[in-house]
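# Remarks on the overall topology
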Amino acid sequence: MAFEGLAERLQGTINKIKGKGKVNEQDVKEMMREVRFALIEADVNLKVVKTFIKKVSERAVGQDVMKSLTPGQQVIKIVKDELTNLMGGEQSPIKFATKPPTVIMMVGLQGAGKTTTTGKLANVLRKKYNRKPLLVAADVYRPAAVQQLQTLGKQLSLPVFALGTDISPVEIVRQALEKAKEEHHDVVLVDTAGRLHIDENLMQELKDIRGLKEPDEVFLVVDAMTGQDAVNVAESFNEAVGITGVILTKLDGDTRGGAALSIRSVTEKPIKFVGMGEKMDALEQFHPERMASRILG
Ligand code: GDP
């Protein structure tokens, strides 16, 4: 299970302070030492850990806690609040265009789960938001990607716009936007090219697609299992093309949690959804508070 190690460590630390009738600065210090260690072990970005510990410590040794009746519980609440804040605080909704179609660009590196997530998101858009999405196969560099999206479309009974792989992605998207207008699709979901590494060509292509019509959302799909690499990828994509949100995949695996806990602070972009499996219904909206509760038990 995801976050298992982190949850175990934090819950252990919490249990020590939970029943305390009085919490002094030394108690907080000791607890923070353990929390710091747990976060570092979970592969959380070091800067993020430092800021987090500072914030929690400051609040925990403050007047309120010292005077309260159940100081142990208060400290735990502070940790939970700050973990929630770390992951963005509030749940971040999808931004829809005031004038349809809403254009959502899916970007990411190969293998992150971009194509699968495009299918899953289309499914969510239809089921939960009652939209009529058009899927666009613009990943022309991985030949199997076009076919993969078509297969997913068939499975979901959703239309996929594809023109093969011998045509530029920009042209594909241009024609797809026309088709969306003609056929009254209110969301256009573009599966862009994923490459093995971030390179200039990839970024230029994404910028060119962006140039056709400013997307309402640019979702970066990253693999939660890759920890700090995912955070670095997010930073690079954000700097180069600008992203509006992150979708973390493979949270059903045994990821330590570093990506989920660091990405928001580092990129200042919210985690919108999390992938919880390979199936088409395995995409969940990301709720920072629920995630913090899960980690703290
Ligand atoms: P792309 O290259 O980024 O388009 O990646 P794909 O969509 O082809 O996904 C790569 C692999 O990751 C596939 O085997 C997917 O089934 C798998 N995958 C994607 N999302 C998830 C997820 O949330 N959980 C799990 N367990 N596997 C996933």
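What you see is a predicted model, and the numbers here were worked out from it, not measured in a lab.

Once that is clear, we can look at a positive patch on the surface. Among the surface-exposed residues, K29, R33, R36 and K50 lie close enough to one another that they form a single positively charged patch. Broken down by element, the residue count for the positive patch peaks at three residues, all from helix α2 (residues 25-41). Relative to the assigned elements, R36 resides in helix α2.

What follows concerns the environment of L189. Here L189 shows up in strand β4 (residues 187-191). As for L189 and E235, which are separated by 46 residues in sequence, their C-alpha atoms are 22 Å apart. Excluding residues within four positions of it along the chain, L189 makes contact with I104, M106, T118, L121, A122, L125, L134, L135 and V136.

The subject of this paragraph is the site of the ligand. Inspection of the region around the ligand gives 18 residues, with G111, K114, T116, D252 and E278 positioned closest. For the ligand, an oxygen atom lies 3.0 Å from a polar atom in the side chain of Q148. The backbone of K250 places a nitrogen or oxygen atom 3.0 Å from an oxygen atom of the ligand. Bound to the protein, the ligand loses 81% of the 580 Å² it would expose on its own. Partitioned by chemical class, the residues of the shell around the ligand number three nonpolar, nine polar and six charged.

The next thing to look at is the pairing of strand β7 (residues 271-275). Among the five residues in β7, five count as buried, and that is most of the element. The pairing of strand β6 (residues 245-249) with β7 spans three bridges and is parallel. Counterpart to V246 in the pairing with β7 is I271. Summarising the sheet, β7 and strand β8 (residues 283-285) pair through three bridges and their orientation is antiparallel. In the sheet register, G275 faces β8, and the bridge partner there is L283.

The rules behind these values
- Residues numbered from 1 in each chain as written.
- Predicted model: local features only at pLDDT ≥ 70, side-chain atom pairs only at ≥ 80, totals over all residues.
- Heavy atoms only, no water.
- Patch = residues over 30% accessible without salt bridge, like charges linked within 9 Å, V, L, I, M, F, W, Y side chains within 5 Å.
- Areas by Shrake-Rupley, 256 points an atom, 1.4 Å probe, with all protein chains shown as cover.
- Salt bridge = Lys/Arg side-chain N within 4 Å of Asp/Glu carboxyl O.
- Lys, Arg positive; Asp, Glu negative; His and termini not counted.
- Charge placed at Lys NZ, Arg CZ, Asp CG, Glu CD.
- Helix = DSSP H or I, 4+ residues; strand = E, 2+ residues; numbered from the N terminus.
- Contact = heavy atoms within 4.5 Å.
- Near = heavy atom within 4 Å.
- Polar contact = N/O pair within 3.5 Å; in protein donor to acceptor, adjacent residues only side chain to side chain.
- Nonpolar A, V, L, I, M, F, W, Y, C, P; charged D, E, K, R; others polar.
- Buried < 20%, exposed > 50% of the residue type's maximum accessible area, 1.4 Å probe, protein only.
- Pairing = 2+ DSSP bridges.

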